[in-house]
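Geometric and topological summary
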Amino acid sequence: MSVKTHQMRQLAGLMEARFMAGQGTLRQRLAAEARLAAAIEEIDTARRQAMADASDPLHFSPSHARATNVWLRWCEARKAVLNRDLARARAASAKARKALVRSFGQMQASQALLKKL
C-alpha cells in the first residue's frame with residue numbers, strides 16, 4: 001500500500017468519524033428542541049384547564065379568581081422564556097444540520113477519491 005493510499009484511508013476514516021459525530025450532535029439538538037416543545041404544550045394544556053376551571057360558576061370565588069390570574073401571568077412569562085429557548089434550539093438544530101450536510105459531502109468525496117487510488 002502506498003503512502004497516498006494510506007493517507008487517503010486515514011482521511012476517509014476521519015471524515016466518517018466527523019460525520020458520525022455530527023449525527024450525534026444533531027440528535028441531541030433535536031431532542032432538546034422536542035423537550036422544549038413538549039414543555040410549551042404542557043403549559044398550554046394547563047392554561048386551557050385553568051381557564052375552564054375559572055369559568056365554572058360552582059368553583060368561583062374572588063380568591064380563586066386572583067390566584068388563577070397570578071398563575072396565568074406566570075404561565076405566560078414561562079411560555080415566553082420557553083419560546084425563546086425553543087427558537088435558540090431550532091437555530092442550533094439548523095446549524096448542526098448544515099454542518100452535517102457539509103461533513104456528509106466531505107465524507108462522500110474522500111471515499112470517492114479513495115476508490116480512484
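Source: prediction; values computed, not measured.

**Here's the deal with the overall build of the chain**
- Looking only at helices and strands, one finds two helices and zero strands in the chain.
- The C-alpha atoms of the chain give a radius of gyration of 25 Å, which is well past the 13 Å a tight globule of 117 residues would have.
- Counting contacts in the chain only where the partners sit at least 6 residues apart, residues at least 24 apart contribute 84% of the total.
- Carbon and sulfur atoms provide 60% of the accessible area of the chain, an area that totals close to 8,500 Å².
- Of the charged side chains in the chain, 21 are positive and 9 negative; the average position of the first set lies 17 Å away from that of the second.

**Let's talk about the nonpolar core**
- Ranked by size, the top nonpolar core spans seven residues in total: Leu36, Ile40, Ile43, Cys75, Leu82, Leu86 and Ala89.
- Elements with a contribution of two residues or more to this core: helix H1 (3-54) and helix H2 (62-116).
- When residues of this core are assigned to their parent elements, the largest contribution, four residues, is made by H2.
- Other than its neighbours up to four places away in sequence, alanine 89 contacts Glu33 and Leu36.
- Residues Met15, Leu26, Ala96 and Leu100 belong to the second largest nonpolar core, which totals six residues.

**With respect to the pattern of salt bridges**
- All chains considered together, the criterion is met by five salt bridges.
- Arginine 48 is the salt-bridge partner of glutamate 41, the closest N and O atoms lying 3.3 Å from each other.
- Aspartate 85 is the salt-bridge partner of arginine 84, the closest N and O atoms lying 3.2 Å from each other.
- A residue is classified by how much of its surface remains accessible, and arginine 84, at 41% relative accessible area, is partly exposed.
- Aspartate 85 sits in the partly exposed class, given a relative accessible area of 24%.

**Observations regarding the side chain of serine 103**
- Relative to the assigned elements, serine 103 resides in helix H2.
- In this structure serine 103 comes out as buried when scored by relative accessible area, which is 4%.
- Serine 103 has contacts with Arg18 and Phe19, leaving out every residue within four places of it along the chain.

How each quantity is defined
- Residues numbered from 1 in each chain as written.
- Predicted model: local features only at pLDDT ≥ 70, side-chain atom pairs only at ≥ 80, totals over all residues.
- Heavy atoms only, no water.
- Helix = DSSP H or I, 4+ residues; strand = E, 2+ residues; numbered from the N terminus.
- Rg over C-alpha atoms; globule rule 2.2 N^0.38 Å.
- Contact = heavy atoms within 4.5 Å.
- Areas by Shrake-Rupley, 256 points an atom, 1.4 Å probe, with all protein chains shown as cover.
- Lys, Arg positive; Asp, Glu negative; His and termini not counted.
- Charge placed at Lys NZ, Arg CZ, Asp CG, Glu CD.
- Core = buried A, V, L, I, M, F, W, Y, C linked by side-chain atoms within 4.5 Å.
- Buried < 20%, exposed > 50% of the residue type's maximum accessible area, 1.4 Å probe, protein only.
- Salt bridge = Lys/Arg side-chain N within 4 Å of Asp/Glu carboxyl O.

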